[in-house]
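Structural characterization, general
Chain residues, written in single-letter form:
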Amino acid sequence: MALAGLGNNDLKLIIFGGKGGVGKTSCAIATALALSENFKTLLISTDPAHSVSDCLEQQIGFKVQEVAGHKNLAAIEVVADEALSRFKTEHRSELKKLLETSTDLDNEDIDEMLTLSIPGIDEIMSFKTIIDFIEEGQYDKYVVDTAPTGHALRLISSPKLLDAWIKVAARMRWKYRYMITSFSGTYKQDEVDAFLLSLKKTVKRIENLLRDKTRCEFIPVCIPEAMAIMETERLLDDLGTSGIIARQIIVNNVMVSEDCSFCKRRKAGQLKYIQQISEIFNHLNKVEVPLFAEEIKGLEALTQLRMCLFGDKPINQ
């Protein structure tokens, strides 16, 4: 079997997730390479470890870079701290006015507060960066490599975190609005209200995109081992509660060789787990990828992986 349906013109966002060490990064890059044959594609890493650069053997970083040798493929490694810093710089006046009109903090305290990080903001800023790219519309496909399961789930739930933050800010503003209305009899919306409304719309856009099966697809990557199977099952259950349904799964590092006694034992040991994967995820298109003899690194190895995921046919529109 091969990955299917990714050439659909309506499909914009493809997210890879799973347990650490199962090969999410290499699968995401190989998929981006395949898509770039017929689509302008952006590969986005939200993994703080940022192994995309290592896998491509090309320095990427928090700036969109063309992938050498592939004119239709670009990549970026999102750095949450830098994304937050840019967000604060862009909206400093609105954030400062929010605190000035809704708290008893003086200017020094406000300035200090604006330098602090916010719990849970990493995933929010990462996903906002993704949405910003999609709304700019410069690419046909956006392939996201996430960190291990916990991070992926927080990334997916980031709209709820941002929505909760907005609700707190809105309550703070309501008190200010009530006071102004009580004294002057009227209230005129300002840039802070517009800022909060814009963030609220961003939350809705993210939620709508994630739950739209025609525009977004989540692809779990698993290996034939007990811990990986259990974690993948929990991941898909948690995603299901958010209205995100996977259609296919990659089973990586499958032993196919029987050339030595170790290979035979390893292959025999994996059989029960492969059968278990088939039973638990029987509703998903299953794509098996053989265990490579060497680390998947560099365009030659990634091209071989691309063949395993898609065969020798291009992903057509």
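Just above, that's the structure.
Residues numbered from 1 in each chain as written. Predicted model: local features only at pLDDT ≥ 70, side-chain atom pairs only at ≥ 80, totals over all residues. Heavy atoms only, no water.

**Focus: empty space enclosed by the protein**
Enumeration according to the criterion identifies two cavities of 30 Å³ or more in this entry. In terms of lining residues, the largest cavity is bounded by I156, S157, P159, K160, E207, L210, R211, S242 and I244. Among the elements of the structure, α8 (158-184) and α9 (191-211) are those that each provide at least two residues to the lining of the largest cavity. Tallying contributions element by element places α9 first for the lining of the largest cavity, with three residues. Of the residues that constitute the lining of the largest cavity, the class distribution is four nonpolar, two polar and three charged. One number sums up the size of the second largest cavity: a volume of about 50 Å³. (1 Å grid on protein atoms, 1.4 Å probe; cavity = no way out; pocket = protein on both sides within 12 Å on 5 of 7 lines; lining within 4 Å. Points joined across faces, edges and corners; volume = space filled by probe spheres on them. Helix = DSSP H or I, 4+ residues; strand = E, 2+ residues; numbered from the N terminus. Nonpolar A, V, L, I, M, F, W, Y, C, P; charged D, E, K, R; others polar.)

**Digging into the environment of L84**
Inspection of the secondary structure assignment puts L84 in helix α3 (residues 80-90). Its relative accessible area of 7% is what places L84 among the buried residues. Between the C-alpha atom of L84 and that of Y139, which follows or precedes it by 55 residues, the distance is 23 Å. (Buried < 20%, exposed > 50% of the residue type's maximum accessible area, 1.4 Å probe, protein only.)

**A look at the packing of aromatic side chains**
This structure, assessed with the given rule, holds two aromatic pairs. With 6.0 Å between their ring centres and 75° between their planes, Y139 and Y142 make a pair best called edge-to-face. The same class applies to Y139 and to Y142, which are both buried. Its guanidinium or amino end placed over the ring of F62, R86 lies 4.3 Å from that ring's centre, counting from NZ or CZ. The ring of F39 has K141 sitting right over it, with the charged end atom 4.7 Å from the ring centre. (Phe/Tyr/Trp six-rings, centres within 6.5 Å; stacked < 30°, edge-to-face > 60°. Lys NZ or Arg CZ within 6 Å of the ring centre and 35° of its normal.)

**As for the state of the cysteines**
Applying the stated criterion across every chain yields a total of zero disulfides. Between C27, a cysteine without a disulfide, and C308, which holds the nearest cysteine sulfur, the sulfur-to-sulfur distance is 9.4 Å. By relative accessible area, which is 0% here, C27 ends up buried. Considering cysteine sulfurs only, C27 is the nearest to C222, which forms no disulfide, with 11 Å between them. (Disulfide = S-S within 2.5 Å.)

**A word on the pairing of strand β4 (residues 73-77)**
Here β4 lies mainly inside the structure; five of its five residues are buried. By the bridge criterion, five bridges tie strand β2 (residues 41-45) to β4 in an arrangement that is parallel. The residue of β4 that forms the bridge with L42 is A74. Counting the residues that bridge the hairpin from strand β3 (residues 65-66) to β4 gives six residues, and of these G69 lies at a positive phi of roughly 85°. (Pairing = 2+ DSSP bridges.)

**Notes on a negative patch on the surface**
Side chains of D106, E108, D109 and E112 sit close together on the surface and give a patch of like negative charge. Given a relative accessible area of 41%, D106 falls into the partly exposed group. (Patch = residues over 30% accessible without salt bridge, like charges linked within 9 Å, V, L, I, M, F, W, Y side chains within 5 Å. Areas by Shrake-Rupley, 256 points an atom, 1.4 Å probe, with all protein chains shown as cover. Salt bridge = Lys/Arg side-chain N within 4 Å of Asp/Glu carboxyl O. Lys, Arg positive; Asp, Glu negative; His and termini not counted. Charge placed at Lys NZ, Arg CZ, Asp CG, Glu CD.)

**Re the packing of helix α4 (residues 92-102) against helix α5 (residues 107-114)**
Two numbers describe how α4 lies on α5: the axes approach to 10 Å, and their chain directions differ by 130°. When the axes of α4 and α5 are compared, the pair comes out oblique. For α4 against α5, the interelement crossing comes out right-handed. Taking contact as the criterion, the partners of R92, L95, K96, L99 and E100 in α4 are, on α5, N107, I110, D111, M113 and L114. For the contact of α4 with α5, a count of residues per class yields five nonpolar, one polar and four charged. (Axes fitted to C-alpha atoms, helices over the stretch in contact; angles between N-to-C directions. Parallel < 35°, antiparallel > 145°, perpendicular 65-115°, else oblique. Left-handed = near helix turned anticlockwise from the far one by under 90°. Contact = heavy atoms within 4.5 Å.)

**Section: the packing of α4 against α9**
Here α4 crosses α9 at 110°, and the two axes come no closer than 9 Å. By the angle between their directions, the pair α4 and α9 is classed as roughly perpendicular. For the element pair α4 and α9, the recorded crossing hand is left-handed. Of the residues in α9, those in contact with E94, L95, K97 and L98 of α4 are E191, V192 and F195. Tallied by class, residues from the contact of α4 with α9 come to four nonpolar, no polar and three charged.

**A look at unusual backbone geometry**
Positioned with a positive phi, E57 is a non-glycine residue whose angle comes to about 55°. Of note, E57 is situated in the loop between α2 (52-56) and β3. With relative accessibility at 56%, the residue E57 sits in the exposed group. Even without a glycine there, the phi angle at N253 is positive, about 60°. Here N253 lies in strand β7 (residues 248-254). N253 gets classed as partly exposed once you look at its relative accessible area, which sits at 25%.

**Considering helix α1 (residues 24-35)**
Turn by turn, an α-helix covers 3.6 residues, leaving residues three or four places apart pointing in a common direction. Taking 1.5 Å per residue as the helical rise, α1 with its 12 residues ought to reach 16 Å, and the 16 Å between its terminal C-alpha atoms agrees with that figure. Counting buried positions along α1 yields 12 of 12 residues, so the element is predominantly enclosed. Taken together, the buried positions of α1 are K24, T25, S26, C27, A28, I29, A30, T31, A32, L33, A34 and L35. (Expected span 1.5 Å × (residues − 1).)

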